[in-house]
Amino acid sequence: VGFPIEEVCVCPHDDRDCCPCRKPKPGMLMTLAGREGIELTKSLVIGDSWRDAQAARAAGCISIILDRLYNRNDDTDYRVSNLGQATQLILETRTR
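Residues numbered from 1 in each chain as written. Predicted model: local features only at pLDDT ≥ 70, side-chain atom pairs only at ≥ 80, totals over all residues. Heavy atoms only, no water.

(A) Up close: helix α3 (residues 83-94). Here α3 spans 16 Å end to end across 12 residues, near enough to the 16 Å set by a 1.5 Å rise per residue. Taken residue by residue, α3 has A86, T87, L89, I90 and T93 as its buried positions. Down the axis of α3, the buried set is contained in an arc of 160°. They therefore lie on one face. Summarising the contacts, the buried residues of α3 are in contact with β1 (44-47), β2 (62-66) and β3 (78-80). By the N-cap criterion, in which a side-chain oxygen at the helix start approaches the backbone nitrogen of a residue two or three places on, α3 is capped by N82, the distance to G84 being 3.0 Å. (Helix = DSSP H or I, 4+ residues; strand = E, 2+ residues; numbered from the N terminus. Expected span 1.5 Å × (residues − 1). Buried < 20%, exposed > 50% of the residue type's maximum accessible area, 1.4 Å probe, protein only. Arc of directions from axis to C-beta. Contact = heavy atoms within 4.5 Å. Polar contact = N/O pair within 3.5 Å; in protein donor to acceptor, adjacent residues only side chain to side chain.)

If you want it as structure tokens, here you go:
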């Protein structure tokens, strides 16, 4: 079971640019949601850092962090080892 990737969004700015799309700010998620009609409160964001988790929460999403040595202390809603586990978690949360 997998999910198709329809788009990859990236903020090209640095922190000093104070861009609203630069994580941990939720601007990129908000823009994408508005453009695509995505309901953020029913969305999950998979990432590998506190910035991803904070952007997700600021946008009203559930955060999933891929567990790595460098992010063990980062706060998140869920922590998984790999994308396969993230996929399983997403499927499980959708059936609740």
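From this point, the narrative continues.
(B) Main features of the layout of surface pockets. Considered as a void within the structure, the largest pocket measures approximately 1,500 Å³ in volume. Taken together, 34 residues make up the lining of the largest pocket; nearest its centre are E7, L32, L44, V45 and I46. At the level of elements, α1 (27-36), β1, α2 (50-58) and α3 are the ones that each hand at least two residues to the lining of the largest pocket. Per-element tally for the lining of the largest pocket: the top contributor is α1, with five residues. For the lining of the largest pocket, the class distribution of residues is 20 nonpolar, four polar and 10 charged. (1 Å grid on protein atoms, 1.4 Å probe; cavity = no way out; pocket = protein on both sides within 12 Å on 5 of 7 lines; lining within 4 Å. Points joined across faces, edges and corners; volume = space filled by probe spheres on them. Nonpolar A, V, L, I, M, F, W, Y, C, P; charged D, E, K, R; others polar.)

(C) Spatial organisation of the environment of A53. Along the chain, A53 turns up in helix α2. Sequence-wise, A53 and K23 are 30 residues apart; in three dimensions their C-alpha atoms are separated by 9.1 Å. Not counting the four nearest positions on each side in its chain, A53 is found in contact with S63, I65, D75 and T76.

(D) Fine view of the nonpolar core. Core analysis: the biggest nonpolar cluster contains seven residues, these being L44, I64, L66, V80, A86, L89 and I90. Of all the elements, α3 adds the most residues to this core, at three residues. With residues near it in sequence (within four places) discarded, A86 still touches I46, I64 and V80. (Core = buried A, V, L, I, M, F, W, Y, C linked by side-chain atoms within 4.5 Å.)

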